[in-house]
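Tertiary structure, described
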Amino acid sequence: MPDLQYTDPRLASIYDLGNAGTQDRDFYLNLAGAPPQTVLDLGCGTGLITDRLAALGHDVTGVDPALAMLDVARAKPNGEHIEWVHASAEDFASAKYYDLIIMTGHAFQVLLSDAQIAGVLKVMSDHLQPDGLAVFESRNPALDWDAIWARSYKMQTAYGLVTARRLITSSARAPEFLSFAWDYDFPDGPVTSKSTLRFPTAEQVREFAEDAGLYQTALLGDWDGTVFDESTSREMIFKFKRKM
């Protein structure tokens, strides 16, 4: 089930304020090429990228399991021009084939079981055009995310000033999993959203993808196109095509 951060309407409404960076969005927008392209955004959230793709003239489908996030996404400027689907990424099915399939915002790491990962990659394989591209990112598991993720910030919202703090809640990270909580201090009281993410290795992802009928064309370590380096890269940005 999606975390409270995604299902609580109040938390969904302020999600964009805490995710103001644009490097990743610009990266995915540049992948789409000249419009109109058919684009599938799995785990589209509040539609930050989906809306911009539609604004460029692409034929876009946004899929998310959290209705609160989709409600925010539909209200974006180009929301009425996007096909919105309430479903988990692994359960999505359509008769359409897509030139580009993306899964952004590290949504791939929300897939905690082997079955979920295999299911999402099979959805990508089943819905790609023969020359289409599937792209998503996951964080490099070799880094010390327990230390990196100590974070706190304030934001001005429609509810007033809100403080957000991320705290690691797992006593010791297992080889592939990390649990944490976001504490939000609203003027009328606190709200806590608890999460667990999976940190698969690049080789694990590649093996899952191959089993699903995909082959890797690139593995990048940053949004500027730098090749992945296990010792320094924060990101693992995967590009896959469909096996013929």
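The numbering scheme is per chain: residues are counted from 1 as the chain's sequence reads. In keeping with the model being predicted, local features are shown solely for residues with a pLDDT of at least 70 and side-chain atom pairs are shown and tallied solely at 80 or more, while totals for entire chains, interfaces and linings include all residues. The side-chain figures draw on all heavy atoms in the structure; neither hydrogens nor water molecules are used.

1. Topic: the packing of aromatic side chains
Here the aromatic set is Phe, Tyr and Trp, taking the six-membered ring for Trp, and pairing holds for ring centres within 6.5 Å; pairs whose planes are under 30 degrees apart are stacked, those over 60 apart are edge-to-face, and all others are tilted. Considering all chains together, one arrives at 15 aromatic pairs under this definition. An aromatic cluster of three or more residues is present, and its members are Phe108, Phe136, Phe238 and Phe240. Above the face of the Trp145 ring, Arg139 is positioned so that its terminal group lies 6.0 Å from the ring centre. The criterion for a charge sitting over a ring is simple: Lys NZ or Arg CZ within 6 Å of the ring centre, and within 35 degrees of the ring normal.

2. Structural notes on the side chain of Glu176
The secondary structure listing takes helices from DSSP runs of H or I that are at least 4 residues long and strands from runs of E that are at least 2 residues long, numbered from the N terminus. Inspection of the secondary structure puts Glu176 in the loop between β7 (160-168) and β8 (177-186). Here the side chain of Glu176 touches Arg198 through a polar contact of 2.6 Å, side chain to side chain. A polar contact is formed between the side chain of Glu176 and the side chain of Gln204, at a distance of 3.0 Å. Whether two residues are in contact is decided by their heavy atoms: any pair within 4.5 Å suffices. In contact with Glu176, other than residues within four places in its own chain, are Leu197, Arg198, Phe199, Pro200 and Gln204. Each polar contact in these results corresponds to two N or O atoms within 3.5 Å; when the atoms are within protein, one needs to be able to donate a hydrogen and the other to accept it, and residues that are neighboring in sequence are counted only if both atoms are side-chain atoms.

3. Considering the packing of helix α3 (residues 23-31) against helix α4 (residues 48-55)
Simply put, an axis is a line fit to the C-alpha atoms, just over the touching stretch for a helix, and the angle between two N-to-C directions goes from 0 to 180 degrees. Between α3 and α4, the shortest axis-to-axis distance is 10 Å and the interhelical angle comes to 40°. The angle between the axes of α3 and α4 places the two elements in the oblique class. Relative to α4, the crossing made by α3 is right-handed. Residues Arg25, Asp26, Tyr28 and Leu29 of α3 touch α4, and the partners they reach there are Leu48, Ile49, Arg52 and Leu53. Our angle categories are set so that under 35 degrees counts as roughly parallel, over 145 as roughly antiparallel, 65 to 115 as roughly perpendicular, and the remainder as oblique. Definitions for this section: a left-handed crossing has its near helix turned counterclockwise from the far helix by less than a right angle. A right-handed crossing has that turn clockwise.

4. What to know about the sheet that holds strand β11 (residues 235-242)
By this definition, two strands are paired if DSSP reports at least two bridges between them. On the basis of which strands lie adjacent, the open sheet formed by seven strands has the order β3-β2-β1-β4-β5-β11-β10 and mixed pairing. The strands lining the two open edges of the sheet, one partner per strand, are β3 (83-86) and β10 (214-220). Recorded for the sheet is a direction-independent mean angle of 20° between the axes of neighbouring strands. Pairing geometry for strand β4 (residues 98-103) and strand β5 (residues 128-139), over five bridges, is parallel. Note that in β5 the partner of Ile101 across the bridge is Ala134. Each of β1 (38-42), β4, β5, β10 and β11 touches helix α6 (residues 114-127); the most contacted strand, β5, lies at about 155° to it.

5. What to know about the pattern of salt bridges
Pairing is possible between side chains that carry opposite charge, provided their charged atoms lie close to one another. Salt bridge, as applied in this entry: a Lys or Arg side-chain nitrogen positioned within 4 Å of an Asp or Glu carboxyl oxygen. Under the defined criterion, the tally for this structure stands at 11 salt bridges. A salt bridge links Lys96 to Asp59; its shortest N-O distance comes to 3.3 Å. Of this pair, Lys96 sits in the loop between β3 and β4 while Asp59 sits in strand β2 (residues 59-64); the two residues are 37 residues apart in sequence, bridging distant segments of the chain. Salt-bridge contacts for Arg198 lead to Glu176; the nearest nitrogen and oxygen are separated by 2.6 Å. With Arg198 in strand β9 (residues 189-198) and Glu176 in the loop between β7 and β8, the pair connects residues that are 22 residues apart, well separated along the chain. Exposure classes here rest on a 1.4 Å probe applied to the protein chains alone. A residue is buried below 20% of its type maximum, exposed above 50%, and partly exposed in between. Judged by its relative accessible area of 6%, Arg198 is buried.

The values reported here are purely geometric and, on their own, carry no functional implication.
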